[in-house]
Amino acid sequence: MMLEVKDLNVYYGAIHALRGINFHLEKGEIVTLIGANGAGKSTTLNTISGLLRARSGQILFQGEDITYTEAQDIVRKGIIQVPEGRKIFATLSVIENLEMGAYLQTDQAQIQSDLEAVLKRFPRLRERRKQFGGTLSGGEQQMLAIARGLMSRPSLLLLDEPSMGLSPILVEQIFEIIRDINEQGTSILLVEQNAQMALSIADRGYVLETGRVVLEGPAQELLHNPMVIEAYLGGHG
Amino acid sequence: MNSSKAVPSTPSFLDFLVRRKILGLLLLILILLLVLWKLGSELVTNPTLFLQQVINGLQLGFVYALIALGYTMVYGIVRLINFAHGDVFMVGAFMSYYAIARVQLHTWPAKVFPNLSPGLSIGIGSITVILLSMAICALVAITIERVAYKPLRNAPRISALITAIGVSFFLEYFGALNFVFSPNFITYKRPFDVTTWMVSAQGVQALQKGQAIPEKTVIFSNISIIIVVVSILLLVVLQYIVGKTKIGKAMRAVAYDKQTARLMGINVDSVISVTFAIGAALAGAAGMLYAIAFPQVFFWMGIIPGLKAFVAAVLGGIGSIPGALVGALIMGQAEVLSAAYISTPMRDAIAFTILIIVLLVRPTGIFGEAQREKA
Ligand SMILES: Nc1ncnc2c1ncn2[C@@H]1O[C@H](COP(=O)(O)OP(=O)(O)OP(=O)(O)O)[C@@H](O)[C@H]1O
Ligand SMILES: [Mg+2]
């Protein structure tokens, strides 16, 4: 098993944000966490990434306990997060943003070839490579955020609401890219509010509500689950 | 802006704000015109004296720039006005003093390679001394950051600010102890002899010892040249580090957004340490250069240059590296010109008047960005 989250409890001061979450992800899968605002999706990703500390529970990555591992060592082990709201370094150029993704890579030749590869995948970024990250459009920033994540050569990519604020056509494009990245061998944990899109590319899904997993199953099943349709797919699927 | 949103129904208050800004601007323009008029007329009546002042101001401005960079870089990355920075400058001056006067470190090349030309050997020796001062200041700053500021990283900024003032007092009065730097004024021993040249219509000539300075000449010394050259070299190196190296890019990334920097695997703590170290190394270099120009060291010597460099950083736009340089060059000129044309004691008052005007008219400084969203 690639990632296993066991009985995770996370607090913000007195706020009990994650109330014993359990889920797992097999190598090569796309797994999605869906849920409304404040369900605890970003909290889950940030705890895996080492920005937040669990009060109890366990996170295992390839069998190794990483619950209390430092953020930079999480990246070193092959997990990278593409955060909610993209979080591009606005004062760095596009290329420099990509280089920050490769911060822990040491092989210069490999960094160059990875750079070439992501610029090939995202031709728009090549056109804008000298521009400041802050001057890109929302869609371009999302592409840059994903590309920056890929520069760390992850085996597990954590994506936090990549569709946020994008036009339907861009959402299609981004999801196409996610599927493509997955087909090339990267496992993906996808957090989304756009349940329709997320479930359509995922293998399995978990539904989060106020810090708990309330439903889980194969993505196709969840897409047709009456409760999911009612709550997340606008009633009539 | 905020106030106008908060109280849209009271136009008189809005009017007041608008008027105050206009008043401030008018004041600024008036002062600028007066200054220009005054300087213009001085330039016409005695151009050599004026030129002389500009040269002196340039030398001072570059020293301020080296100090101001430390303020601005540290502010950029941890939003802290590091009031102990001026005292790190003092430590730098003292370290070079000990290296030269007590250890004769600047003479090592002459001892090891006796047939080196004297100029080259003193040059290498002096570079060794400045590098040593820079390294010690860097270590001091890293220690200060780890011990005093890091535990307060997530505390309100005012707590960190007060701590910085505490660290500043600590360095000063610890330095004043008899077995540390002592409470006395100490004459600084320059590693090299001063050579002065005079520039006049007849060309450039060396000024002999004891020779009176003739009319209509501008004099400058190897000290001014060394200060300007060393400062520019250090600025180029800094520009390269911040702009082109991996650690420099990481510094900018951390300054912009620490959380996301951590998500990329950047060790934020060590990047912050490096930033403090670089700023302090520049202050250490400035300490030695300042002591060469004004050859006296004492435990309080960092306060006024530190404050002026801070004003320079605010004037340029705190957080902005080019801003620190421009602000410092302006401060250097303002200080020297007001000492020459108004009165010597006025020069410090002028520095802080500039601070007040900047805060009134353009709190973000010349190169300052508008408040941006921060994580
Ligand atoms: N920094 C914080 N301090 C206090 N409470 C927080 C903080 N961040 C999140 N929370 C709380 O934790 C809960 C989970 O938040 P989280 O951001 O994980 O939700 P989410 O599922 O990602 O929501 P969204 O879809 O809006 O991004 C919410 O109740 C939120 O208010
Ligand atoms: Mg979220």
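What you see is a predicted model, and the numbers here were worked out from it, not measured in a lab.

Now for the site of ligand 1. All names here are of chain A. Around ligand 1 sit 14 residues, and of these Asn 37, Gly 38, Lys 41, Ser 42 and Thr 43 come closest. In this structure, Lys 41 approaches ligand 1 through a side-chain N or O atom, which is 2.7 Å from an oxygen atom. Contact distances for ligand 1 include 2.7 Å between an oxygen atom and a side-chain N or O atom of Ser 42. Contact with the protein chains hides 63% of the accessible area of ligand 1, taken as 630 Å² for the molecule alone. Elements represented by at least two residues in the shell around ligand 1 include exactly strand E2 (15-25) and helix H1 (41-48). With three residues, H1 is the largest single contributor of residues to the shell around ligand 1. A per-class count over the shell around ligand 1 returns five nonpolar, six polar and three charged.

In this structure the tally under the stated criterion is 18 aromatic pairs over all chains. Note on B:Phe94 and B:Tyr98: the rings are 6.2 Å apart at their centroids and 40° apart in plane angle, and the pair reads as tilted. In this pair, B:Phe94 and B:Tyr98 are both assigned in helix H4 (residues 85-102), four residues apart and thus about one turn of the helix distant. Given a relative accessible area of 17%, B:Tyr98 falls into the buried group. Seen from their ring centres, B:Phe299 and B:Trp300 are 5.3 Å apart, and the 35° between their planes marks the pair as tilted. For B:Phe299, a relative accessible area of 10% puts it in the buried group. Clustering of aromatic rings is evident, with ring pairs tying together B:Phe94, B:Tyr97, B:Tyr98, B:Phe181 and B:Tyr188. One Lys or Arg, A:Arg55, reaches over the ring of A:Tyr11 and ends 3.7 Å from the middle of that ring.

Moving on to the coordination of the magnesium ion (ligand 2). All names here are of chain A. For the magnesium ion (ligand 2), the protein coordination sphere consists of Ser 42 (OG) and Glu 84 (OE), at 1.9 to 2.0 Å. A residue pair is termed long-range when its members are at least 10 positions apart, and Ser 42 in helix H1 and Glu 84 in the loop between strand E6 (79-82) and helix H3 (94-101) qualify at 42 residues. Residue classification places Glu 84 among the partly exposed residues on the basis of a relative accessible area of 28%.

All names here are of chain A. Helix length check: helix H6 (residues 138-150), at 13 residues, gives a terminal C-alpha distance of 18 Å against a target of 18 Å (1.5 Å per residue), a fit within 8%. Taken across its 13 residues, H6 has twelve buried, putting it largely inside the fold. Those residues of H6 that sit buried are Gly 139, Glu 140, Gln 141, Gln 142, Met 143, Leu 144, Ala 145, Ile 146, Ala 147, Arg 148, Gly 149 and Leu 150.

On to the interface of chain B and chain A, then. Contact with chain B, which involves 20 residues of that partner, is made by 24 residues of chain A. A buried area of about 2000 Å², summed over both sides, lies between chain B and chain A, and 63% of it is on carbon and sulfur atoms. The interface formed by chain B and chain A includes two salt bridges. Across the salt bridge formed by B:Lys249 and A:Glu99, the nearest N and O atoms sit 2.6 Å from each other. Among the elements that take part in the side of chain B that touches chain A, helix H9 (residues 246-256) of chain B stands out by supplying seven residues, more than any other. Here the residues of the side of chain B that touches chain A are counted per class, giving nine nonpolar, five polar and six charged.

All names here are of chain A. Non-glycine residue Arg 86 carries a positive phi angle of around 65°. Mapped onto the secondary structure, Arg 86 falls in the loop between E6 and H3. Its identity as a non-glycine residue notwithstanding, Lys 87 has a phi of 50°, on the positive side. With respect to the helices and strands, the residue Lys 87 is situated in the loop between E6 and H3. The exposure class assigned to Lys 87 is partly exposed, which follows from its relative accessible area of 36%.

If a probe the size of a water molecule is rolled over the atoms, the empty space left behind becomes visible. Residues and elements named next belong to chain B. Approximately 850 Å³ is the volume found for the second largest pocket. Lining of the second largest pocket is provided by 25 residues; of these, Ile 31, Leu 32, Val 35, Ala 334 and Ile 354 occupy positions nearest its centre. The residue inventory of the lining of the second largest pocket, partitioned by class, reads 19 nonpolar, four polar and two charged.

Another point: the pattern of salt bridges. Within the structure shown, the criterion is met by 19 salt bridges over all chains. Two residues, A:Arg128 and A:Glu140, come together in a salt bridge whose shortest N-O distance is 3.4 Å. Remark: A:Glu140 occurs in helix H6 and A:Arg128 occurs in the loop between helix H5 (123-127) and H6; sequence separation between them is twelve residues. Looking at A:Glu140, the relative accessible area reads 6%, which means it is buried. The partner of B:Lys150 in a salt bridge is B:Asp269, and the shortest N-O contact between them spans 3.6 Å. Here B:Asp269 lies in helix H11 (residues 268-293) and B:Lys150 lies in the loop between helix H6 (118-149) and helix H7 (157-175), a separation of 119 residues in the sequence. On the basis of relative accessibility, which here comes to 30%, the residue B:Lys150 falls in the partly exposed class.

For the rest of this paragraph, the subject is the packing of helix H3 (residues 47-78) of chain B against helix H12 (residues 303-316) of chain B. All names here are of chain B. Running from N to C, H3 and H12 cross one another at 65°; their axes reach a closest spacing of 8 Å. Here H3 lies roughly perpendicular to H12, going by the angle between them. At the point where H3 passes H12, the crossing takes the right-handed sense. Contacts between H3 and H12 pair Tyr 64, Ile 67, Ala 68, Tyr 71 and Thr 72 from the former with Pro 305, Gly 306, Leu 307, Lys 308, Ala 309, Phe 310, Ala 312 and Ala 313 from the latter. The class makeup of the residues in the contact of H3 with H12 is ten nonpolar, two polar and one charged.

Structurally, the position occupied by A:Asn46 is in helix H1. If sequence neighbours within four positions are ignored, A:Asn46 has contacts with A:Leu51, A:Leu52 and A:Gln81.

About the cut-offs
Residues numbered from 1 in each chain as written. Chains lettered and ligands numbered in written order. Predicted model: local features only at pLDDT ≥ 70, side-chain atom pairs only at ≥ 80, totals over all residues. Heavy atoms only, no water. Near = heavy atom within 4 Å. Polar contact = N/O pair within 3.5 Å; in protein donor to acceptor, adjacent residues only side chain to side chain. Areas by Shrake-Rupley, 256 points an atom, 1.4 Å probe, with all protein chains shown as cover. Helix = DSSP H or I, 4+ residues; strand = E, 2+ residues; numbered from the N terminus. Nonpolar A, V, L, I, M, F, W, Y, C, P; charged D, E, K, R; others polar. Phe/Tyr/Trp six-rings, centres within 6.5 Å; stacked < 30°, edge-to-face > 60°. Buried < 20%, exposed > 50% of the residue type's maximum accessible area, 1.4 Å probe, protein only. Lys NZ or Arg CZ within 6 Å of the ring centre and 35° of its normal. Donors = N, O, S within 2.8 Å, 3.2 Å for Na, K, Ca; no water. Expected span 1.5 Å × (residues − 1). Contact = heavy atoms within 4.5 Å. Buried area = accessible area lost by both parts, 1.4 Å probe. Salt bridge = Lys/Arg side-chain N within 4 Å of Asp/Glu carboxyl O. 1 Å grid on protein atoms, 1.4 Å probe; cavity = no way out; pocket = protein on both sides within 12 Å on 5 of 7 lines; lining within 4 Å. Points joined across faces, edges and corners; volume = space filled by probe spheres on them. Axes fitted to C-alpha atoms, helices over the stretch in contact; angles between N-to-C directions. Parallel < 35°, antiparallel > 145°, perpendicular 65-115°, else oblique. Left-handed = near helix turned anticlockwise from the far one by under 90°.

Note that every value here comes from positions in space, so none of it alone points to a role or purpose.
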